[in-house]
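# Close look at the chain arrangement
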Amino acid sequence: MLAFIAQRIGKAVIVLLAIVVLNFFLIRLAPGDPAIVMAGEAGASDELFVTQLREKFGLDRPLPVQLFMYVKGILSLDLGYSFRQQMPVSKLILDRLPATMLLTGTAFAISLAFGVLFGALAARRAGTWADTLITVLALIFYATPLFWIALMAILLFSVTMEWLPSFGYETVGANYTGLAHVLDVGAHLVLPATTIGLFFMATYARMTRASMLEVKRLDFVKTARAKGLRDAVIQRRHVLRNALLPVVTLAGLQAGTLVGGAVLTETVFAWPGIGRLMYEALLQRDYNLLLGVFVVCSAMVLVFNLITDLIYRSVDPRIEFAA
Amino acid sequence: MLKRSLIGLAMICGVSAAALAEEPKAGGVVNAVIQPEPPGLMLGLVQNGPTQMISGNIYEGLLRYSPKLEPQPGLAESWTVSEDGKVYTFKLRKGVSWHDGKPFTSADVLFSIEFLKQTHARARGNLATLDKVEAPDDSTVVFTLKEPFGPFLGIFEVGSLPMIPKHIYEGTDFKTNPANNTPIGTGPFMFKDWQKGSFIRLVKNPNYYIKGKPHLDEIYWHVIPDAAARSVAFETGKIDVLPGGSVENFDVPRLSKLKNVCVTGNGWEFFSPHSWLWLNNRSGPTANKKFRQALMYAIDRNFAKDVIWNGFAKVATGPSGSTIKYYTSAVPKYDLDPAKAKALLKEAGYNGEKVRMLPLPYGETWQRWAEAVKQNLQDVGINVEMIATDVPGWNKKVSDWDYDIAFTYLYQYGDPALGVARNYVSSQIAKGSPFNNVEGYTNPEVDKLFAEGAVAFPDSKRDEIYAKAQKILVEDVPVAWLLELQFPTITRCNVKNLVTTAIGVNDGFRDAWLDK
């Protein structure tokens, strides 16, 4: 198994480098560069101003040289410097990473737990009103745009009922410590995490339900039933466990987006996470920062793919390791 | 109608509250919104809108300006102008210190001038006529000009010429100085904390040179990227101040109707944002003067004012806004007249060529405005293609002259020589920048008038010259003027005395106080 992991990591590094090179050129295909954006924002500029900025950003050098410098940096684990924000890219990303991990991690846990629960429930009661209710709700949450759910949630819970804060990560200026701080962040977390969670919960529920109904018809379930096992045991040990494989696949994909996938939600809720950082970097053509976020996100996807593969194996022992 | 009278009422309430000389109360925290998050707060290096808005609390200029654009004491307490209009002598206020305790002297002023010449494009232009600047003693600064420059007393506002601490920057690489992340000024508030993506926190400067000011203890500038979320944050009471432009214009009437909310359109007299359509004078149908005039007749600017900007605007009559110096209304008028527009298009020989229109990607209001104008133009038979871009793409396309019609708005900085001439004189035609003569208009007579206007002395001569220039421009329609915009500042009514000068919130919270 160790050999498998080592081999996979080796491949991952090559994939990552390819991603870096590809992204490097992709980003530069977008019209405009950071110098012109900053000149535009300043509301006044002359040639000297733009030239100075280009020089500062290193944009006056030939593209291959820029690429070479960047890749060299990446190989020594240096993500470069954001001239716009006057800070190393790695610091900017590390500052924002915890907030995003908290948000998407919570959403992931909520969606997976409740998604599988509701999916199993629906499968078990297939055809009854409970099944219909769950299926319809799942369909609604799956089909509704995230930002709309977010805005409606804000209208209901923040504006009308005044239960939950509508923006931010914590109450700014309150300086809570200990439990009060945890509760404060928790209150801020409820709406955005639920917003993201609902969508994935819906997918997990639908996936679990469909998969369980399929497994239910298989011979080994009939055998289990013939053995006289209790229904709850059959459902849990035989049906659910075997039905989980596609859910794991889906969860692995979602986990890959844990780092970068919350742009809309973070924007609507002013959550100081990495999704927003990426979006802003894109709008400002902050090349180094944008590339940095891409690299971190890609690395995360690769890591989660590896973890998913390992989990496959423990869920279904028939799967063997082969690189 | 009811809607508008309500806004009017709210505005009156804001004005009268400020007019009543109540005794300011000390203390309190104000929560404001900043949009978008600024790239930095070092005002000498970064000049974009959000930076100016926050850093106007940290840094100061030599002068401030009343809503009528009269110079007021800032870091300079008095000034004299020589009879030939070439020598300006400033007496600096004594007992002023930087946030780190070092005294502010005339040496800092000299250093700031040198600093800004290197880093600040607008200051560089404003100081072009400067011959030398000297400091005979610690509290005197003498500016000598090569020739009289009419708007000279108008260039000392904090955003245009902020004072930079010499002891921190001298002999360093300005752009990479670590002090850029912890800005030091002389202003009423000091930089305290910046949680990127969340908030910027300023605290009271306890050693500020005006006794008893500032009144507030702290200001939090919250970063909330979504416009709808910003208005909700205000609605739920988490935010006390929405500076101009921080919510979509269509939310303003709703927010101003809330209890205890005051709205004011004041505080933009210095900038007077002026919006127009850049028309490509070089090629395509827009190169034809008749076609450009047809556009002026085709666009329903009153509709845009009333519906898209909810009345927070004024129909523009020409290159100068009505709030800046030397404005004249004695220019050719272009009222809405589609029939005339059609006739002019026929005369121009327009044959239905496609015209590329670039909206300004600054949010919903601008998007809707572009759609309204597109409709106006289609109604008279112009074939408009809307081009979608993001902000960098817009900058790029406009700077590369790759458009036919492009929305924009520019600040005018109180004087035609500072903020108007740049869009019409031929020496300002330069590819690669979105804030010069982008339309490519050249007229030797206009060039001459603007050149004379800047250095004419005394002011009555300038008046004459600019009136002439405005007349010629309005006849030529190098760009299609739309509206003089107002970006209303929305506050809780217990935030008093916030907007007092011609640059509004950008002049900082020096005089503001909280009625608890």
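Computed from a prediction, not measured in an experiment: that's the story for all the values here.

Glancing now at the overall build of chain A. Secondary structure assignment for chain A yields 13 helices and two strands. Dimensions of chain A, computed from the C-alpha atoms along their principal axes, are close to 85 × 55 × 40 Å. Looking at the 323 residues of chain A, the share that counts as buried comes to 47%. Taking contacts inside chain A between residues at least 6 apart in sequence as the whole, the part at least 24 apart equals 74%. For chain A, the exposed surface amounts to about 16,000 Å²; the carbon and sulfur share of it is 70%. Separation of charge centres in chain A, based on 27 positive and 21 negative side chains, amounts to 15 Å.

A few words on unusual backbone geometry. What is expected of a backbone is that most residues other than glycine have negative phi and most peptide bonds are trans. Omega for the bond connecting Gln35 of chain B with Pro36 of chain B falls within 30 degrees of zero, at -10 degrees, which places this linkage in the cis form. Turning to its location among the elements, Pro36 of chain B is positioned in the loop between β1 (29-34) and α2 (49-55). Residue Pro458 of chain B is bonded to the preceding Phe457 of chain B through a cis peptide linkage, with omega at -5 degrees. Note on placement: Pro458 of chain B falls in the loop between α14 (444-455) and α15 (459-476). Phi is positive for Leu77 of chain A, which is not a glycine, with a value near 60 degrees.

Residue and element names in this part refer to chain B. Bridge analysis of strand β15 (residues 354-358) against strand β16 (residues 383-386) gives four bridges, and the strand direction is parallel. Across the sheet, residue Arg356 finds its bridge partner in β16, namely Glu385. Regarding the hand of the β-α-β motif, the stretch spanning β15, helix α11 (residues 364-379) and β16 is right-handed. Summarising the sheet, β15 and strand β17 (residues 405-410) pair through two bridges and their orientation is parallel. Along β17, the bridge assignment pairs Leu358 with Ala406.

Time to look at the nonpolar core. Leu62, Phe143, Trp221, Trp369 and Phe509 of chain B are the most contacted members of the largest nonpolar core, which has 149 residues in total. Core analysis: the second largest hydrophobic core is formed by 64 residues, Ile74, Leu79, Val116 and Val247 of chain A among them.

What follows deals with the interface of chain A and chain B. In this assembly, 41 residues from chain A lie in contact with 44 residues from chain B. Summed over both partners, the interface of chain A with chain B buries about 3,700 Å², with 59% contributed by carbon and sulfur atoms. Three residues stand out in chain A for area buried against chain B, namely Ile36, Phe167 and Val172 of chain A, and they jointly supply 16% of the buried area on that side. Connecting chain A to chain B are two salt bridges. The salt bridge involving Glu37 of chain B is made with Arg96 of chain A; its shortest N-O contact spans 3.8 Å.

With that settled, consider the pattern of salt bridges. Pairing is possible between side chains of opposite charge, provided their charged atoms come close. Residues and elements named next belong to chain A. In this structure the tally under the stated criterion is 31 salt bridges over all chains. A salt bridge links Arg276 to Glu280, with the nearest nitrogen and oxygen atoms 3.7 Å apart. Within this pair, Arg276 and its partner Glu280 are both found in helix α12 (residues 274-283), separated by four residues, close to a single helical turn. The exposure classification of Arg276 matches that of Glu280, with both residues buried.

Let's shift gears to helix α3 (residues 106-119) of chain B. Between its first and last C-alpha, α3 of chain B extends 20 Å over 14 residues, near the 20 Å set by a 1.5 Å rise per residue. Along α3 of chain B, the positions that sit buried rather than exposed are Ser106, Asp108, Val109, Phe111, Ser112, Ile113, Phe115, Leu116 and Thr119 of chain B. Residues of α3 of chain B that are buried sit in contact with α3 (47-57) of chain A together with β5 (87-92), α4 (121-126), β6 (130-137), β7 (140-145) and α5 (166-169) of chain B.

Right, let's get into the packing of aromatic side chains. How two aromatic rings sit relative to each other is set out by the distance from centre to centre and by the angle between their planes. All told, the structure shown has 50 aromatic pairs over all chains when counted by the stated rule. In this structure, Arg28 of chain A is placed above the aromatic ring of Tyr287 of chain A, and the distance from its NZ or CZ to the ring centre is 4.3 Å.

Attention shifts here to helix α10 (residues 338-348) of chain B. One turn of an α-helix holds 3.6 residues; hence residues three or four places apart share an orientation. Residue and element names in this part refer to chain B. Within α10 the residues assigned to the buried category are Ala341, Leu344, Leu345 and Ala348. Along the axis of α10, the buried residues cluster in a sector spanning 105 degrees; they form a single face. Every exposed residue of α10 that faces more than 90 degrees away from the buried side is listed here: Ala339, Lys346 and Glu347. In the core, the buried residues of α10 are packed alongside α8 (289-298). A positive phi of about 75 degrees marks Gly349, the residue just after α10.

On to the environment of Glu385 of chain B. Residues and elements named next belong to chain B. Tracing the backbone shows Glu385 in strand β16. Separated by 24 residues in sequence, Glu385 and Tyr409 place their C-alpha atoms 21 Å apart. Once residues within four sequence positions are removed from consideration, Glu385 is found in contact with Lys354, Val355, Arg356 and Met357.

Time to look at the sheet that holds strand β18 (residues 479-485) of chain B. All names here are of chain B. With respect to topology, six strands assemble into an open sheet ordered β14-β18-β13-β17-β15-β16, the strand pairing being mixed. Looking along the sheet, the strands with just one partner apiece sit at the ends: β14 (313-315) and β16. Adjacent strand axes in the sheet meet at a mean angle of 30 degrees, parallel and antiparallel pairs treated alike. In terms of strand pairing, strand β13 (residues 274-279) meets β18 through four bridges, oriented antiparallel. Bridging from a neighbouring strand, Trp278 pairs with Val479 of β18.

About the cut-offs
Residues numbered from 1 in each chain as written. Chains lettered and ligands numbered in written order. Predicted model: local features only at pLDDT ≥ 70, side-chain atom pairs only at ≥ 80, totals over all residues. Heavy atoms only, no water. Helix = DSSP H or I, 4+ residues; strand = E, 2+ residues; numbered from the N terminus. Buried < 20%, exposed > 50% of the residue type's maximum accessible area, 1.4 Å probe, protein only. Contact = heavy atoms within 4.5 Å. Areas by Shrake-Rupley, 256 points an atom, 1.4 Å probe, with all protein chains shown as cover. Lys, Arg positive; Asp, Glu negative; His and termini not counted. Charge placed at Lys NZ, Arg CZ, Asp CG, Glu CD. Pairing = 2+ DSSP bridges. Right-handed = clockwise from strand over helix to strand, strands pointing away. Core = buried A, V, L, I, M, F, W, Y, C linked by side-chain atoms within 4.5 Å. Buried area = accessible area lost by both parts, 1.4 Å probe. Salt bridge = Lys/Arg side-chain N within 4 Å of Asp/Glu carboxyl O. Expected span 1.5 Å × (residues − 1). Phe/Tyr/Trp six-rings, centres within 6.5 Å; stacked < 30°, edge-to-face > 60°. Lys NZ or Arg CZ within 6 Å of the ring centre and 35° of its normal. Arc of directions from axis to C-beta. Axes fitted to C-alpha atoms, helices over the stretch in contact; angles between N-to-C directions.

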